[in-house]
Amino acid sequence: EPVIVDRGLDETDQARGLLSERPSVGIGAAHDIGPAVDRAARGGRLEPEQFLEIAETLDAVARLATSIGDERRPLLRDLARDLHLLPGLRTTLARSFDPVGELLDTASPRLGGLRAAVRTAYDRLRRRLEQLVGSGELGSALQDTIVTLRNGRYVVPVKADARSRVKGIVHDASSSGQTLFVEPLVAVELGNAWREAQIAEQEEVERILDELSGLVAAN
């Protein structure tokens with residue numbers, strides 16, 4: 001179609017003229033977000049790095065729209081009008097993720113409180129175990145006076161031949177079999193509270209990602 005070809009050539013001429021005057025204008029930091037948008041449109045959950053790419057692309061769109069929105073070249077002004085800035089989505093993503101793609105506490109009204117609950121439960125658990133180890137309450141039953149992590153639970157290293165002196169749940173053993181990693185019964189409830197807080201936080205994170213994925217699909 002000659003008319004379409006002529007317009008395309010005119011757009012190219014005007015873009016070349018713009019770049020010769022202002023070489024910094026462009027779509028720097030934009031990404032190919034097509035696959036992520038398609039996934040969201042099919043009801044899939046996007047990953048944080050995909051949201052970050054979408055946010056960076058929206059920022060690039062906003063910069064480009066500002067750069068060419070008042071251009072004296074009419075075809076470039078037309079291109080600017082065709083750019084969709086999606087300010088609502090852009091603001092929501094900026095409130096939800098930090099620059100490396102981690103969910104911020106402000107991503108939802110509940111997330112900050114749930115994360116605080118995880119930290120509180122963790123601190124209580126660690127203090128109790130460190131008190132147990134440091135007080136000498138377990139005596140010579142310990143292989144070492146440390147607290148460590150096994151299978152997602154905090155444990156203390158107990159000598160295998162002193163197992164009966166430490167009531168608790170065995171989560172692991174050393175390769176030599178000389179050390180058992182035991183979660184003392186006095187810490188089980190605290191460990192459960194920590195784990196439950198982690199699960200609640202994870203469920204909220206997944207809910208937020210699903211909600212944001214729906215927002216991307218809708219836009």
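Before reading further, recall that the structure is shown in the block above.
Nothing here was measured: the structure is a model prediction, and the numbers come from that model. Numbering of residues starts from 1 in each chain and follows the order in which that chain's sequence is written. Under the rules for a predicted model, residues below a pLDDT of 70 receive no local features and side-chain atom pairs below 80 are neither given nor counted, while totals for whole chains, interfaces and linings still include all residues. With hydrogens and water excluded, all non-hydrogen atoms of the structure serve as input to the side-chain values.

### Some remarks on the overall build of the chain
Here is step 1 of the chain: By definition, any uninterrupted DSSP run of H or I lasting at least four residues is a helix, any uninterrupted run of E lasting at least two residues is a strand, and each is numbered from the N terminus. Assigned secondary structure in the chain consists of 7 helices and 4 strands.
Here is step 2 of the chain: For the chain, the N- to C-terminal ordering of α and β elements is α-α-α-α-α-α-β-β-β-β-α.
Here is step 3 of the chain: When we talk radius of gyration, it's over C-alpha atoms, and the globule rule is simply 2.2 Å times the number of residues to the 0.38. At 28 Å, the chain has a C-alpha radius of gyration far larger than the 17 Å of a compact globule built from 219 residues.
Here is step 4 of the chain: Its C-alpha atoms give the chain principal-axis dimensions of about 90 × 35 × 30 Å.
Here is step 5 of the chain: Exposure is judged per residue with a 1.4 Å probe applied to protein chains only, and the accessible area is read against the type maximum: over 50% gives exposed, under 20% gives buried, and values in between give partly exposed. Burial statistics for the chain: of 219 residues in total, 36% are counted as buried.
Here is step 6 of the chain: Summed over its atoms, the accessible surface of the chain is roughly 12800 Å², and 52% of this surface lies on carbon and sulfur atoms.
Here is step 7 of the chain: Here Asp and Glu are counted as negative and Lys and Arg as positive; His is not counted, and neither are the chain ends. In plain terms, the charge of a residue is placed at NZ if it is Lys, CZ if Arg, CG if Asp and CD if Glu. Of the side-chain charges in the chain, 28 are positive and 35 negative, and the distance between the mean point of each set is 7 Å. For the accessible areas, the method is Shrake-Rupley and the probe is 1.4 Å, while residue cover comes only from the protein chains on display.

### Some remarks on the pairing of strand S4 (residues 179-184)
Here is step 1 of the chain: Of all 6 residues that make up S4, 6 are buried, and the element is covered over most of its length.
Here is step 2 of the chain: Of the two faces of S4, the one holding Thr 179, Phe 181 and Glu 183 and the one holding Leu 180, Val 182 and Pro 184 are both buried throughout.
Here is step 3 of the chain: Strand pairing is defined by DSSP finding a minimum of two bridges between the two strands. Bridge analysis of strand S2 (residues 153-159) against S4 gives 4 bridges, and the strand direction is antiparallel. Along S4, the bridge assignment pairs Val 156 with Val 182.

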